[in-house]
Amino acid sequence: MLSREDNQKLTRVGPGTPMGELMRRYWMPIAAIDEFARVSAKPVRLMGEDLILYRDRSGTYGLVDRHCPHRNADMANGYIEDCGFRCNYHGWLFDQTGRCLSQPYEDVAHPEARFRDKVRITAYPVEVVADMVWAYLGPEPVPLIPDWEVFHWENGFRQIVFANVECNWFQCQENSIDPVHFEWLHLNWSERLRGNTDGGSPRHVKVAFEEFEYGHVYRRLREGMTESHPLWQVGRVCLWPNALFTGTHFEWRVPVDDENTLSVTWSYTKVPKDREPCVQEGAIPSWVGPTRKDGEWIASHVMNQDFIAWTGQGRVSDRTREHLGPSDEGILMVRRRFFDDMERVARGEDPKAVIRDPATNRRLRLPVADRKAVEEGISREDMLAHPFMRGFLVDGYPFQSGQPDAVRKDYAQAMGIE
Ligand code: FES
Ligand SMILES: [Fe+2]
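So, how was this worked out
Residues numbered from 1 in each chain as written. Chains lettered and ligands numbered in written order. Predicted model: local features only at pLDDT ≥ 70, side-chain atom pairs only at ≥ 80, totals over all residues. Heavy atoms only, no water. Domains from an automatic or database assignment. Contact = heavy atoms within 4.5 Å. Buried area = accessible area lost by both parts, 1.4 Å probe. Salt bridge = Lys/Arg side-chain N within 4 Å of Asp/Glu carboxyl O. Polar contact = N/O pair within 3.5 Å; in protein donor to acceptor, adjacent residues only side chain to side chain. Helix = DSSP H or I, 4+ residues; strand = E, 2+ residues; numbered from the N terminus. Nonpolar A, V, L, I, M, F, W, Y, C, P; charged D, E, K, R; others polar. Axes fitted to C-alpha atoms, helices over the stretch in contact; angles between N-to-C directions. Parallel < 35°, antiparallel > 145°, perpendicular 65-115°, else oblique. Left-handed = near helix turned anticlockwise from the far one by under 90°. Pairing = 2+ DSSP bridges. Expected span 1.5 Å × (residues − 1). Buried < 20%, exposed > 50% of the residue type's maximum accessible area, 1.4 Å probe, protein only. Donors = N, O, S within 2.8 Å, 3.2 Å for Na, K, Ca; no water. Tetrahedral: all angles 85-135°; square planar, octahedral: opposite > 155°, others 65-115°. Core = buried A, V, L, I, M, F, W, Y, C linked by side-chain atoms within 4.5 Å.

As a further point, take the domain arrangement of the protein. Taken domain by domain, the protein consists of domain 1 (27–129) and domain 2 (143–415). For domain 1 and domain 2, the distance between their C-alpha centres works out to 34 Å. The interface is formed by 16 residues belonging to domain 1 together with 18 residues belonging to domain 2. Summing the contributions of domain 1 and of domain 2, the shared interface buries around 1300 Å²; its carbon and sulfur component is 69%. The interface formed by domain 1 and domain 2 contains one salt bridge. At the surface where domain 1 touches domain 2, the tally comes to six residue pairs in polar contact (both at pLDDT 80 or more). Counting residues per element, the ones that place at least two in the side of domain 1 that touches domain 2 are strand 1 (28–32), strand 2 (41–46) and strand 10 (126–129). Of all the elements, strand 1 adds the most residues to the side of domain 1 that touches domain 2, at five residues. Of the residues contributing to the side of domain 1 that touches domain 2, the split by class is ten nonpolar, one polar and five charged.

Here's what the structure looks like:
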């Protein structure tokens, strides 16, 4: 149980709030580059700030204030130029650093005043890594985007999947350190949804949690497993500060504002050995999955089930009324680390897992339970016999509903399935 004040401290992300300041020390994935084949600019709301993300004709990305510094026009209706982004109200043009490059009327009528040199728009750094556009809203010096080893793995089919989740990001992230929900929210509930009411999936008998350099690990032991099982030996990763890493995909819970979260999944599916080499042409495909159909929740896929649980906790979960038990030990560890880190940031220190040394930031390794299978690949037969990789061959993309046909076709082609 938390006090109301502590709950607010954990959940509020606007500028100047303790958590808002902490989260501004990290790069956030906010878009996929393949979106910019369809649009040149899009509005983005990030940690309570309204912004425009664009790619100009030179291919440079920029992230600027949504409202023009001239007279507050909505820059969502602006347009790109060879260099920069232009407000459609009176044509002021800005570049990705926030400089005003042109003021069409003032430049003609009063060039000597050089009024444009006196105007700036708020602009934040953006970078592309793993075909995602990342944004950094914090102070300088700007840290590095972690170069996770998975981004370099070959012979896999990659896709980027978004969802708009209507609740605070922190309850989404607490799910990243919650092993037991897997048994009930996913396995047992899926059986019930299929009409199967007898029995249940093997029970969790032991869970364990540890902190490491880039986050926390949770380990589980379920009935029928021995302690040599990779999910007990290695476990899964609650990645600092706002992601889950399962060994084959990342799920970031990006705070849109205090009551909304952008779920960003970067998924990698190893193809069976007989489909190597597998080289994906062009940008990694991205898509947005719906959470409801005809007003009803979609419960058919793993992450859709998560979305239902998270939003069911309330727009901002009221932690003054919770009762944490032994399975929640990891949640307590993570909360403690966040409170400590908010204090570190207030003292002017770097919080956990901020990476600044380019020599360190090379193919960073994370714990991967089935490392050999997902890194080196396995045969189709072994994949079909593998407890969780089997699903990639028989069920297609199991995590989120709404995969477009074009992506499904490319996936089937890569994997060698009908
Ligand atoms: S409000 Fe944008 S140029 Fe005038
Ligand atoms: Fe889950």
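After that view of the structure, there is still more to cover.
Quick look at the packing of helix 5 (residues 181–193) against helix 7 (residues 302–312) now. Running from amino to carboxyl end, helix 5 crosses helix 7 at an angle of 110°, the nearest separation of the two axes being 10 Å. On the basis of their axis angle, the class for helix 5 and helix 7 is roughly perpendicular. In terms of crossing hand, the pair formed by helix 5 and helix 7 is right-handed. Contacts from His181, Leu185, His186, Trp189, Ser190 and Leu193 in helix 5 reach Val302, Gln305, Asp306, Ile308 and Ala309 in helix 7. Residues of the contact of helix 5 with helix 7, tallied by class, amount to six nonpolar, four polar and one charged.

Regular strands have side chains that alternate between both faces of the sheet. In terms of strand pairing, strand 2 meets strand 3 (residues 49–55) through six bridges, oriented antiparallel. Residue pairing for strand 3: Ala41 is matched across the bridge by Tyr54. Remark: two residues form the turn of the hairpin made by strand 2 and strand 3, two consecutive strands paired antiparallel; Met47 in that turn has positive phi of roughly 50°.

Our focus in this paragraph is the packing of helix 1 (residues 4–11) against helix 8 (residues 329–346). Closest axis-to-axis distance for the helix 1/helix 8 pair is 11 Å, and the angle between their directions is 80°. In terms of their interaxial angle, helix 1 and helix 8 are classed as roughly perpendicular. Contacts from Asp6, Lys9 and Leu10 in helix 1 reach Arg335, Phe338, Phe339 and Met342 in helix 8. Residues of the contact of helix 1 with helix 8, tallied by class, amount to four nonpolar, no polar and three charged.

We now examine helix 8. Between its terminal C-alpha atoms helix 8 stretches 26 Å, which fits the 26 Å expected from 18 residues at 1.5 Å a residue. Considered for burial, the residues of helix 8 that qualify are Gly330, Ile331, Met333, Val334, Arg335, Arg337, Phe338, Phe339, Asp341, Met342 and Val345. Here the buried face of helix 8 lies against helix 1, helix 2 (18–23), helix 4 (169–174), strand 13 (204–212), strand 14 (215–222) and strand 15 (236–239). Positive backbone phi, at 85°, marks Gly348, one or two positions downstream of helix 8.

Another aspect to go through is the coordination of the iron ion (ligand 2). Bound to the iron ion (ligand 2) are the protein donor atoms His181 (NE2), His186 (NE2), Asp306 (OD) and Asp306 (OD), situated 2.1 to 2.6 Å from the metal. Coordination at the iron ion (ligand 2) comes from four donor atoms whose angles at the metal span 54 to 147°, giving a geometry best classed as irregular. Relative accessible area serves as the criterion here: at 5%, His186 is assigned to the buried category.

For Met389, the location among the structural elements is in the loop between helix 10 (380–385) and helix 11 (390–394). According to the relative accessible area criterion, Met389 is buried, its value standing at 1%. Spatially, the C-alpha atom of Met389 lies 8.8 Å from that of Lys270, the residues being 119 residues apart in sequence.

Within the secondary structure layout, Thr246 lies in the loop between strand 16 (243–245) and strand 17 (249–257). A C-alpha to C-alpha distance of 25 Å links Thr246 and Ala406, two positions 160 residues apart in sequence.

Membership of the largest hydrophobic core comes to 98 residues, with the highest contact counts inside it found for Met19, Leu46, Phe151, Phe250, Trp252, Trp266 and Phe338. Looking at this core, the element that brings in the most residues is helix 8, giving seven residues. For this core, the domains that each give at least three residues are domain 1 (27–129) and domain 2 (143–415). Those residues in contact with Phe250, other than ones at most four positions away along the chain, are Trp148, Val150, Phe151, Leu239, Leu244, Phe245, Val264, Thr265, Trp266 and Leu366.

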